[in-house]
Amino acid sequence: MRTLPVERPSIPVLLVTGYLGAGKTTLLNRLLALPEIARAAPALIVNEFGPIGIDARLLPPGPHARYEINNGSLFCACTKPQLLLALREIAAARRAGIVLIESTGVAETRNLQGPLALPELTAAFCIRANICLVDAVSFIKVAPYLRVAIEQVRRADGLVVNKCDLAAPAEVETLCDVLREINPGAPQVRTTHGALPDGFLAGLRHTPGGDAPDSGPPGDIVAAALRSPRAVDRERFEALRRDLGTRLLRLKGNIAWRDGPTRYVEVVGGILTEREECEGLYPRTAFTVIAWKTPREALQRALDATLAAE
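Cut-off values and rules
- Residues numbered from 1 in each chain as written.
- Predicted model: local features only at pLDDT ≥ 70, side-chain atom pairs only at ≥ 80, totals over all residues.
- Heavy atoms only, no water.
- Helix = DSSP H or I, 4+ residues; strand = E, 2+ residues; numbered from the N terminus.
- Rg over C-alpha atoms; globule rule 2.2 N^0.38 Å.
- Buried < 20%, exposed > 50% of the residue type's maximum accessible area, 1.4 Å probe, protein only.
- Contact = heavy atoms within 4.5 Å.
- Areas by Shrake-Rupley, 256 points an atom, 1.4 Å probe, with all protein chains shown as cover.
- Lys, Arg positive; Asp, Glu negative; His and termini not counted.
- Charge placed at Lys NZ, Arg CZ, Asp CG, Glu CD.
- Salt bridge = Lys/Arg side-chain N within 4 Å of Asp/Glu carboxyl O.
- Pairing = 2+ DSSP bridges.
- Axes fitted to C-alpha atoms, helices over the stretch in contact; angles between N-to-C directions.
- Phe/Tyr/Trp six-rings, centres within 6.5 Å; stacked < 30°, edge-to-face > 60°.
- Lys NZ or Arg CZ within 6 Å of the ring centre and 35° of its normal.
- 1 Å grid on protein atoms, 1.4 Å probe; cavity = no way out; pocket = protein on both sides within 12 Å on 5 of 7 lines; lining within 4 Å.
- Points joined across faces, edges and corners; volume = space filled by probe spheres on them.

(A) Quick look at the overall build of the chain. The number of helices and strands found in the chain is nine helices and twelve strands. Computed over its C-alpha atoms, the radius of gyration of the chain comes to 20 Å, within 12% of the 19 Å expected for a compact globule of 310 residues. By principal-axis analysis of the C-alpha atoms, the chain measures approximately 80 × 45 × 35 Å. Per-residue burial over the chain gives 52% buried out of 310 residues. The long-range fraction of contacts in the chain, counting pairs at least 24 apart against all pairs at least 6 apart in sequence, stands at 75%. Here the chain displays about 14,700 Å² of accessible surface, and carbon together with sulfur accounts for 54% of that area. Charge centroids of the chain, computed over 37 positive and 34 negative side chains, lie 4 Å from each other.

Next comes the structure, spelled out in structure tokens:
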């Protein structure tokens, strides 16, 4: 008697989107700590618009498979080969019970069904949900002139309004009303530090779209990086921030200060914070800047000019 092949269940894919600095990596850490996800042996795909893979080094170590897709948006045709390679390896390994994908903050969100349309991937994966994080402080500021922030909300299956502790209650209420106008069908939850309430994930249902991948990066947005064994002059760095002004969308990475130790530095919504350096980034100074309406070559020259004289 012939034995029929046993069909393997599809691996669910959970996509985390949201504008720069909204807290996607923090949420990913929260998800990895959930017992139901930890038991599923998750595989991670972390996407960064810049050339340095920083977010993946902010995730906890563990047995999960981890893939980095840098130098472009996950939904751009330029990164499709990297995404397909990662998905094929995950499917072939047959170890992961769920895939968590963190998209770059400047991704023009498209449906993942396109990359999964290949026969071997259609059978292996199913999209569980697209969760979009919304920064309660900065979303209203950037949405009017950066289309990507609105499109991420519009395409989401669920909206996580994060950093509610940093905004006034009236501002949060207004923001949530705006989000309902953009995406009336997506459930909303308000959080601090990405702490999701019980049952939120279980209540989400994915609505597929039919978009083709972008043929290029988001318009007017560029990324540049500074990698150097040398230290950075703080006065020159602050001059760079002043010169860029509101065109500085995001900055993150390690900076070896000439007048102090190496620190992990972030700029989100114009606010600079510092903490202990991120392990695994080399050389001493390694950070990425994402800017708006700034020529890439001019941005790179400005970064290089922040280095202290030897």
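(B) Fine view of the pattern of salt bridges. Per the stated rule, a full pass over the model turns up 17 salt bridges. R155 is the salt-bridge partner of E151, the closest N and O atoms lying 3.6 Å from each other. Under the relative-accessibility criterion, E151 is labelled buried at 13%. Among the ionic pairs, E173 bridges to R190, the shortest N-O distance being 2.8 Å. One end of the pair, E173, is in helix α7 (residues 169-182); the other, R190, is in strand β7 (residues 188-190), with 17 residues separating them in the sequence. Through salt bridges with shared partners, a single ionic network connects R234, D259, R263 and E274.

(C) Molecular detail of the sheet that holds β7. The parallel open sheet is built from seven strands, whose spatial order is β3-β2-β4-β1-β5-β6-β7. On the outer flanks of this sheet lie β3 (66-69) and β7, each paired with one strand and no other. Going across the sheet, the axis of each strand differs from the next one's by a mean of 20°, ignoring polarity. Judged from the four bridges that link them, strand β2 (residues 43-47) and β3 form a sheet pairing that is parallel. By the bridge assignment, L44 is partnered in β3 with R66. Contacts between helix α1 (residues 24-33) and the sheet are confined to β1 (11-18), β2, β4 (99-102) and β5 (125-135), with β1 contributing the most and set at about 150° to the helix. Taken strand by strand, helix α3 (residues 80-93) contacts β1, β2, β3, β4 and β5, and its axis lies near 170° from that of β3.

(D) Local environment of the packing of aromatic side chains. Throughout the structure, instances matching the rule amount to three aromatic pairs. When the centroid spacing of 5.2 Å and the interplanar angle of 85° are considered together, the rings of F237 and W257 count as edge-to-face. Placement of F237 in helix α8 (residues 234-244) and of W257 in the loop between β9 (248-256) and β10 (262-268) is noted, with a sequence separation of 20 residues between them. With a relative accessible area of 0%, F237 lands in the buried category. A relative accessible area of 2% means that W257 is categorised as buried. Ring geometry for F237 against F287: centres 6.3 Å apart, planes inclined by 80°, an arrangement best described as edge-to-face. Pair noted here: F237 is in helix α8 and F287 is in strand β12 (residues 285-292), with a separation of 50 residues, a long-range link. Sitting over the ring of W257, R234 keeps its end group 3.9 Å from the ring centre.

(E) Spatial organisation of unusual backbone geometry. A cis amide bond links Y282 to the next residue, P283, at an omega of -5°. Relative to the elements of secondary structure, P283 occurs in the loop between β11 (271-276) and β12. In this structure, K163 takes a positive phi of about 65° despite not being glycine. Position of K163 relative to the elements: it lies in the loop between β6 (158-162) and α7. Backbone geometry places H193, a non-glycine residue, at a positive phi of 55°.

(F) Spotlight on empty space enclosed by the protein. Throughout the structure, instances matching the rule amount to one cavity of 30 Å³ or more. There is about 30 Å³ of room inside the largest cavity. Every residue along the wall of the largest cavity is listed here: V13, L83, L87, I101, L112 and L116.

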